[in-house]
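Given next are the chains, with one letter for each unit.
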Amino acid sequence: MSLQDELTAVQRCLDDLVRSVGRLEKQVGDDGLDIRRIRTDTDHLRESVALLRQTAAPAVEPRPDLVTIPDTPYDTSLWTDSDDEGLGARDRRAP
């Protein structure tokens with residue numbers, strides 16, 4: 001399973017836990033220290049899973065800007081003093 005699948009499974013289990021704690025609160029009453037502590041713990045778990053989901057999400061890298069290359073030929077004066085790669089200077093011949 002992928003990380004996102006695992007986090008989704010954890011979220012589903014946590015949702016079930018929150019519903020069960022809610023039903024338990026109705027039966028026991030919400031004024032007891034123990035039930036308030038369980039409610040606080042489930043709330044902390046929810047926050048922790050939400051933070052983990054945010055940090056585990058793959059960071060989307062921004063795409064670089066596209067550079068348009070024109071179809072027109074380049075100015076030949078740009079290469080007047082350049083050497084042809086592997087051939088040396090223009091007025092000399094390769095051995």
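Scroll up to find the structure.
Presented here is a report on the structure given in the accompanying data block.

**A short note on the overall build of the protein**
Broken down by element type, the protein carries 2 helices and 0 strands. Scored against the burial criterion, the 95 residues of the protein give a buried share of 11%. Sequence separation of at least 24 residues holds for 58% of the intrachain contacts in the protein that already meet a minimum separation of 6. A total of about 8,800 Å² of accessible surface is found on the protein, and carbon and sulfur atoms cover 55% of it.

**Focus on the pattern of salt bridges**
Under the counting rule described, the total for this entry stands at 2 salt bridges. Among the salt bridges present, the one from Asp 16 reaches Arg 19, with a minimum N-O distance of 2.2 Å. Highlighted residues: Asp 16 and Arg 19, both in helix H1 (residues 3–28), separated by 3 residues, approximately one helical turn. Taking relative accessible area as the criterion, Asp 16 reaches 41% and is therefore assigned partly exposed. Judged by relative accessible area, which is 46%, Arg 19 ranks as partly exposed. Taking the shortest distance from any N to any O, the salt bridge between Glu 25 and Arg 39 comes out at 2.8 Å. Taken together, the positions of Glu 25 in helix H1 and Arg 39 in helix H2 (residues 33–56) put the pair 14 residues apart, joining distant regions of the chain.

**Comments concerning the packing of H1 against H2**
Between H1 and H2, whose axes approach to 10 Å, the crossing angle comes to 165 degrees. In this view, H1 runs roughly antiparallel relative to H2, as classed from their interaxial angle. For the crossing formed where H1 meets H2, the hand is left-handed. The residue inventory of the contact of H1 with H2, partitioned by class, reads 14 nonpolar, 5 polar and 5 charged.

**As for a nonpolar patch on the surface**
Taken together, the side chains of Val 67, Ile 69, Tyr 74, Leu 78 and Trp 79 define a hydrophobic patch exposed on the protein surface, amounting to about 610 Å² of accessible area. The exposure class assigned to Ile 69 is exposed, which follows from its relative accessible area of 60%.

**Concerning H1**
Note: α-helices contain 3.6 residues per turn, so residues at a spacing of three or four share the same orientation. Given a rise of 1.5 Å per residue, 26 residues ought to cover 38 Å, and the 37 Å separating the end C-alpha atoms of H1 matches this to within 8%. Turning to H1, its buried residues number three or more, namely Leu 7, Leu 14, Val 18, Val 21 and Gly 22. The secondary structure elements touched by the buried residues of H1 are H2. Gly 29 occupies a position one or two residues after H1 and carries a positive phi of about 100 degrees.

**As for H2**
For H2, with 24 residues, the first-to-last C-alpha span of 34 Å sits near the 34 Å given by 1.5 Å per residue. Among all positions of H2, only Ile 35, Arg 39, Thr 42 and Val 49 are buried.

Each value, and the rule that gives it
All residue numbers here refer to positions counted from 1 along the written sequence of the relevant chain. Only residues with pLDDT of at least 70 get local features here, since the model is predicted, and only at 80 or more are side-chain atom pairs given and counted; chain-wide, interface and lining totals rely on the full set of residues. Note: side-chain values were computed over all heavy atoms of the structure, leaving out hydrogens and water. Working definition: helices are DSSP H or I runs of at least four residues, strands are E runs of at least two. Numbering for both runs from the N terminus. Exposed residues in this analysis have more than 50% of their type's maximum accessible area, buried residues have under 20%, and partly exposed residues fall in between, with area computed by a 1.4 Å probe over protein chains only. Residue contacts are counted whenever heavy atoms from the two residues lie within 4.5 Å of one another. Shrake-Rupley sampling with a 1.4 Å probe provides the accessible areas, and residues are treated as covered by the protein chains on show and by no other component. Salt bridges are defined by distance alone: a side-chain nitrogen of Lys or Arg within 4 Å of a carboxyl oxygen of Asp or Glu. Helix axes are fitted only over the stretch in contact, all axes being lines through C-alpha atoms; the angle between N-to-C directions runs from 0 to 180 degrees. Note that the term roughly parallel is reserved for angles under 35 degrees, roughly antiparallel for angles over 145, roughly perpendicular for angles of 65 to 115, and oblique for everything else. Take the far helix as your reference; a near helix turned counterclockwise from it by less than a right angle gives a left-handed crossing, and one turned clockwise gives a right-handed crossing. Polar here means any residue outside two lists: the nonpolar Ala, Val, Leu, Ile, Met, Phe, Trp, Tyr, Cys and Pro, and the charged Asp, Glu, Lys and Arg; Gly therefore counts as polar. Any residue with relative accessible area above 30% and no salt bridge may belong to a patch, with like charges joined within 9 Å and the nonpolar Val, Leu, Ile, Met, Phe, Trp and Tyr side chains within 5 Å. Take the residue count of a helix, subtract one, and multiply by 1.5 Å to get its expected span.

These results come straight from atomic positions and should not be treated as a statement about function.
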